[in-house]
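Reading the structure
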Amino acid sequence: MAFPRPKPTTMETLAMERANPSFNIRKMSVAMHGSERALILKEKFMAEIARHPAFKLSDIHDLSKDELRERTMEKFASMVYFVTTESLETFQLRMQLIGIADPSFWTRFGVAYGLFLGALRSGATPNQMSYWIDRGVLGLNGVIGCFAMTELAHGSNVAGLETTATFDRDTDEFVIHTPHLGATKWWIGGAASTATHAAVFAQMIVDGKKHGVKTFVTQLRDTKSFTLMPGVTIGDIGKKMGRDGIDNGYIQFTYVRVPRAHMLMKHTQVSRDGVVTEPPLAQLTYGALLGGRTSMVTDSSNSAKKALTVAVRYAAVRRQFSSGKNQLETQLLDYPIHQRRLMPLVAQAIAIGFTGLRLQVMYEDMTQALDRMEPSDPNLNDILDKLKETHATSAGLKAFCTWACLDTIDKCRQSCGGHGYSAYSNFPLMYADFAVQCTWEGDNTILSLQAGRSLVGAWGGAIKGKKLAPGVAYLNDSSLSSAKSDSSLSLSDIQRAWNCVAFNVIKKAAEEYVALLKSGKSKDEAMEKCSQSRFIAAKVHTVGYIFRLFREAIEEMKDDEETKTLRTVCKLYGLWQIEEQQGYFLKYGYFNAQQMDKVQESVDALCAEVRGVAIPLVDSFALSDHIINSPLGKWDGSVYESYFAQVQAANPPPKEHPYFNRLIKPLLERQNEDMEDPESAMGLNEELKEIEDERKGEQ
């Protein structure tokens, strides 16, 4: 008699998935992190925060808003130590990891160090910077900063901010004022409860003339008593979709005076006599935006990898239905449609990760070039062109990478079925916390249009014979207008496909813009009228750009099993995105219908191939159980045991039912009163019968 084969446990299933991987997981992980040093530091940071009481994560789903804010503040002291003792590079890597573990704290700490301190670094003169460092801005011993830019009625349109800073020559002060409700500073992280100072963005007015938005360091609270300074009104904006550890608030200024020296004067200067000197190179202010956008590309990859680690591990151990003579239920990850749900997203997260690594290098090179540059520099125009191109590219990357990550988190949630809807899966918090990335530091749609505007400008340069910056250099190749696939679907064929379609959608947007100008529209009107074409241009260009940077990174690696696997992943990303945007590839004739069928078949095959190494791949993301904070994604596969234990621990039965006596008992013990039957009381049945009899008699 044959006995049924025993069902392997979830832990045994995951161990089998890890058996004999086709590549070295450690080497793959080093490649994804950019260096052995970066990976070792990440592992060190994970060990440190796993043992730090303030970084406890298992109970985070059951904490109130006030409890979350208090815990956020508990973390500050330990991070202040590291920010004052570690190199900037090491500390940035530490904060990358913190951002995956606890986005609320990452943001709150980032407001003080990334935004407030960043505003000082980008806008203060050397002496001003030294002044604020001496007053404790680095160690938060004297100054806890926030970033007061956004207003109730203005966000993305920074130039339209309505808070005013009017110069008073008699006292050598600026008067900061909120002229009406719409100018109230809103969404200001740290304002509600913790900040002592703010970098306030306000319209500078000197002798009745507006000089645009400048930055003013303004004290909000007394650093001893913590009471509000005269003329400062602050409140809490309350519950948000996510990131409740951040004390977002509103600020209103009523004729608040600050010394003239509190205006940051690196770029624009105001003398004691009220003489305003504007910067000779206004484009240099672009540089301040690139760092934040670069970090958001990296964060998009890291957050997507966190969600995918959970979803892929769960799909490997979760069994559902059986097929044919197979006595065992089938692993979700073995279903082709489930591979289609997750494997392209794995490829996308890896592609964005490599893009983030290369973008960081480009940003550092650009920053160094800007720091060295003088107005008389012979390479001035080339550097400024590259800055504009990098600025526009970073806008598109920020938009489409954050959108991609948010979409990935929700698709991972759905792929885990009902358990994915539980707060303890961590998907709801991941989604709520990440959603804001699509809005802050520039609404994604607006940033996409900025990128599209730059691409239209680049096209204009290309048709005049100008040699373009590397990111858009393909626009110099007019042969792309009618390029055709060689049907190989190789990496070079895929790259040419993206170049061809990007070339044509940018050309369409540019020609549409020129036609609108010729019809009598102003430049701004013409740009607005061709918004959809600009958006499409930005989308196609950005996806092709991500593919190109991923491919370039692979080509620079030595030829081994890890590189072979990454080539497969790269091919999957490129072809899957072609399939997603196939209308443009058919429209411009790079692929015909039969070739698009081949693309679909290739994506199917590549998904199956990547599925074979899916667990080793997500293992190479190097995220600890503490960071993932989801029983569904436990490294050892103990999904159900861990899930059940966490639910039990977080929801102990109450000693006394909280509302039985007040609500349930009266409901159960209520008496059903005899209700009068209105039909009987009326004698309606008899009356209707009489009416019917009379009708028959008349017939």
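Because the structure is a prediction, the values reported are computed rather than measured. Along each chain, residues carry numbers from 1 onward, in the same order as the chain's sequence is written. It should be noted that, the model being predicted, local features are given only for residues of pLDDT at least 70 and side-chain atom pairs only at 80 or more, the latter also being counted only at that level, while totals for whole chains, interfaces and linings use all residues. Side-chain calculation: all heavy atoms of the structure are included, whereas hydrogens and water are not.

This next bit is on the packing of aromatic side chains. Any pair of aromatic rings gets described here by the distance separating the centres and the angle formed by the planes. Within 6.5 Å between ring centres, the rings of Phe, Tyr and Trp (the latter by its six-membered ring) count as paired, and their orientation is classed by plane angle as stacked under 30 degrees, edge-to-face over 60, tilted in between. For the structure on display, the rule yields 19 aromatic pairs. Measuring from ring centre to ring centre gives 5.3 Å for Tyr 81 and Phe 82, while their planes differ by 70°; the resulting arrangement is edge-to-face. Put simply, the rings of Phe 55, Phe 76, Phe 91, Phe 105 and Phe 109 touch in pairs and so form one group of aromatic residues. Positioned above the aromatic ring of Phe 82, the side-chain terminus of Arg 94 is 3.5 Å from the ring centre. Two conditions define a charge located above a ring, namely a distance within 6 Å from the ring centre to NZ of Lys or CZ of Arg, and an angle within 35 degrees of the ring normal.

Their axes nearest at 9 Å, the elements helix α10 (residues 380–415) and helix α15 (residues 531–555) cross at an angle of 85°. The pairing of α10 with α15 is recorded here as roughly perpendicular in orientation. Along its contact with α10, which presents Thr 393, Gly 396, Leu 397, Phe 400, Cys 401 and Trp 403, the element α15 presents Phe 535, Ala 538, Lys 539, His 541, Thr 542, Tyr 545 and Ile 546. Every axis corresponds to a line fitted to the C-alpha atoms, with the helix fit spanning only the stretch in contact, and the corresponding angles, defined between N-to-C directions, vary from 0 to 180 degrees. Each helix is a run of H or I in the DSSP string that is no shorter than four residues. Each strand is a run of E no shorter than two, and both are numbered from the N terminus. If an angle is under 35 degrees, it is roughly parallel; if it is over 145, roughly antiparallel; if it lies from 65 to 115, roughly perpendicular; otherwise it is oblique. Note on contacts: a residue pair is in contact if any heavy atoms of the two residues lie within 4.5 Å.

The subject of this paragraph is unusual backbone geometry. For residues that are not glycine, phi is negative in most cases, and the peptide bond is trans in most cases. For Trp 187, which is not a glycine, the phi torsion comes out positive at approximately 70°. Relative to the helices and strands, Trp 187 resides in strand β4 (residues 185–189). Given the relative accessible area of 47%, Trp 187 is considered partly exposed. Located in the positive-phi region is Asn 426, a residue other than glycine, with phi close to 80°. Structurally, the position occupied by Asn 426 is in the loop between α10 and α11 (427–434). With a 1.4 Å probe rolled over the protein chains alone, any residue whose accessible area is under 20% of its type maximum counts as buried; one over 50% counts as exposed, and the rest are partly exposed.

Quick look at the pattern of salt bridges now. Only one rule defines a salt bridge in this text: a Lys or Arg side-chain nitrogen within 4 Å of an Asp or Glu carboxyl oxygen. Summed over all chains, the structure comprises 41 salt bridges. A salt bridge links Glu 562 to Lys 27; the shortest N-O distance between them is 3.4 Å. Linking Glu 562 in helix α16 (residues 561–580) with Lys 27 in helix α2 (residues 25–33), this pair joins segments that are 535 residues apart in sequence. For Asp 619, the salt bridge identified is with Arg 313, shortest N-O distance 2.9 Å. Here Asp 619, found in helix α19 (residues 614–619), pairs with Arg 313, found in helix α8 (residues 287–317); they are 306 residues apart in sequence, far enough to count as distant. Overall, Asp 619 belongs to the buried group, its relative accessible area being 12%. Overlapping salt bridges bring together Lys 44, Glu 48, Glu 86 and Arg 94 as one network.

A common measure of how large an interface is: the accessible area buried when the components associate. Taken domain by domain, the protein comprises domain 1 (10–120), domain 2 (145–277) and domain 3 (286–619). Domain delimitation follows an automatic or database domain assignment. Taking the mean C-alpha position of each, domain 2 and domain 3 sit 37 Å from one another. The partner domain 3 presents 11 residues to the 4 residues of domain 2 that form the contact. Once two parts are joined, some of their accessible surface, as seen by a 1.4 Å probe, is lost; buried area is that loss totalled over both. Summing the contributions of domain 2 and of domain 3, the shared interface buries around 550 Å²; its carbon and sulfur component is 57%. Together, Ser 156, Met 241 and Arg 243 form the three largest contributors to the area buried by domain 2 at its contact with domain 3, with a combined 88%. Summed over the shared surface of domain 2 and domain 3, the result is 0 salt bridges.

Turning to α2, its buried residues number three or more, namely Met 28, Ser 29, Val 30, Met 32 and His 33. Polar contact is defined as a pair of N or O atoms within 3.5 Å, subject to the rule that within protein one atom must be able to donate a hydrogen and the other to accept it, and that residues adjacent in sequence are counted only when both atoms are side-chain atoms. Between the side-chain oxygen at the start of α2 and the backbone nitrogen of Arg 26 there is a gap of 2.9 Å, and the oxygen is on Asn 24. With its phi angle positive at about 95°, Gly 34 sits one or two positions after the end of α2.

The next subject is the sheet that holds β4. Pairing between strands is defined by DSSP: at least two bridges between them are needed. As summarised here, the arrangement of the 3 strands in space is β4-β8-β7, forming an open sheet in which the pairing is antiparallel. The outermost strands of the open sheet, each flanked by one partner alone, are β4 and β7 (232–236). Strand-to-strand twist of the sheet, defined as the mean angle between neighbouring strand axes without regard to direction, takes the value 35°.

Let's shift gears to the environment of Val 436. Relative to the helices and strands, Val 436 is located in the loop between α11 and α12 (444–463). Separated by 195 residues in sequence, Val 436 and Met 241 have C-alpha atoms that sit 8.5 Å apart.

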